[in-house]
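The chain contents come next:
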Amino acid sequence: MSARQAPRPVCVADDADLFDIAETIAAEWAAVGVRGSFLARHIDTGEQLGFDVGTSVPLASVVKVPLALVALDRIATGELDAARPVVVDPATSSVGPTGLAAFRHPATVAVGDLLLMMLSVSDNAAADALFDLVPADEVDARLRAWGCVDLRVRHRLNRMYECAAGAAGNDFSLALELAIRDDHSGRHTIETLDPAHANAGTATALVDLLQRAWRDEIAHPDACAELRRLMGRQVFTHRLASELRADTLRVSGKTGTFLHLRHEIGVVESEVGDRVAMAALTRSDRRANLAPDIDLAIGMAARRAFEALRR
């Protein structure tokens, strides 16, 4: 096998038909130059399909979901006040294209609204302001206590950009080249793309987290309910939700994008009660910031999986 040949995905499914669908999704991803992990599970029946579900990958902004759940649990148990004001100053805040990260002037925002900004528009400055209140090691420890052993939270969001700049200066194209090269070699120049040092997790661990949050089986029930509400406010619909636009469906999700990573996790719910949790974690060889065909491949995977698993 050459350095640029990916191993055949290891599919998992509860029956032959679901296995065939998992293989189809994996083949469609390969056709557009995508490697990664995918898992879809019906929250109530437990039926599932996917591939490479135990592979640990850097989470990018998907890490904002476990961060939110831990912060919300602290709010629900009285350890943190949702109304507490926090000053976010662009001179010292984290970089990013949306929300407070794009502000040019200091702003005072309540903790509860930081959570909204973090999950609805993937605001990095809001996320790192929350990490100031609930540090990464505390989030990681709470996940361990909840039994989420394959989810690791190790650093703030801005650390990703600091490591990329340390390796490539301000040359985004070079950072992307390094990310793609290192993904094949297994030697990571950008530390936060190394699963051993990054915020990282597996598709199984992420779907487990969503399933437990949707069933009120992790954290305080009020925290789970608020996480569901906030994930339902996400404004980005170009991945999981792209092929599931219907008045009879609700998609609650969280994207994650950094260099060659394009992820989304979420739950698709139908008006008749079907609830399917999904994790799509992708890495590509695309040397481009935009890749709508990859986003569409994630959306197609979500639609195929939901249609196969709904009762």
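Residues numbered from 1 in each chain as written. Predicted model: local features only at pLDDT ≥ 70, side-chain atom pairs only at ≥ 80, totals over all residues. Heavy atoms only, no water.

Focus: helix 4 (residues 124–133)
Helix 4 sits mainly inside the fold: 9 of its 10 residues count as buried. Among the residues of helix 4, those classed as buried are N124, A125, A126, A127, D128, A129, L130, F131 and L133. At its buried positions, helix 4 is contacted by helix 2 (64–76), strand 5 (85–88), helix 3 (111–120), helix 5 (136–145) and helix 6 (158–168). The distance from a side-chain oxygen at the start of helix 4 to the backbone nitrogen of A125 is 3.0 Å, and the residue carrying that oxygen is D123. (Buried < 20%, exposed > 50% of the residue type's maximum accessible area, 1.4 Å probe, protein only. Helix = DSSP H or I, 4+ residues; strand = E, 2+ residues; numbered from the N terminus. Contact = heavy atoms within 4.5 Å. Polar contact = N/O pair within 3.5 Å; in protein donor to acceptor, adjacent residues only side chain to side chain.)

Let's talk about a negative patch on the surface
Together, D14, D15, D17, D20 and E47 give the surface a local cluster of negative charge. Position of D14 among the secondary structure elements: in the loop between strand 1 (11–13) and helix 1 (16–31). (Patch = residues over 30% accessible without salt bridge, like charges linked within 9 Å, V, L, I, M, F, W, Y side chains within 5 Å. Areas by Shrake-Rupley, 256 points an atom, 1.4 Å probe, with all protein chains shown as cover. Salt bridge = Lys/Arg side-chain N within 4 Å of Asp/Glu carboxyl O. Lys, Arg positive; Asp, Glu negative; His and termini not counted. Charge placed at Lys NZ, Arg CZ, Asp CG, Glu CD.)

Topic: helix 3
Restricting attention to buried positions, one finds in helix 3 the residues V111, L114, L115, M118, L119 and S120. Tucked inside the fold, the buried residues of helix 3 contact helix 2, strand 5, strand 6 (107–110), helix 4, helix 9 (221–231) and strand 9 (249–258). Phi turns positive, to about 55 degrees, at S122, one or two residues after helix 3.

Some points on the layout of surface pockets
Each pocket or cavity is described by its volume, and for the second largest pocket that value is around 590 Å³. In this structure, the second largest pocket is lined by 23 residues; those nearest its centre are P97, R239, T257, F258 and N289. In terms of residue count, strand 9 provides more of the lining of the second largest pocket than any other element does, 4 residues in total. When its residues are assigned to classes, the lining of the second largest pocket shows 10 nonpolar, 9 polar and 4 charged. (1 Å grid on protein atoms, 1.4 Å probe; cavity = no way out; pocket = protein on both sides within 12 Å on 5 of 7 lines; lining within 4 Å. Points joined across faces, edges and corners; volume = space filled by probe spheres on them. Nonpolar A, V, L, I, M, F, W, Y, C, P; charged D, E, K, R; others polar.)

So, the side chain of T192
Relative to the assigned elements, T192 resides in the loop between helix 7 (172–185) and strand 8 (200–201). With relative accessibility at 3%, the residue T192 sits in the buried group. Setting aside anything within four residues of it in sequence, one finds T192 in contact with P58, H155, R159, M160, C163 and A198.

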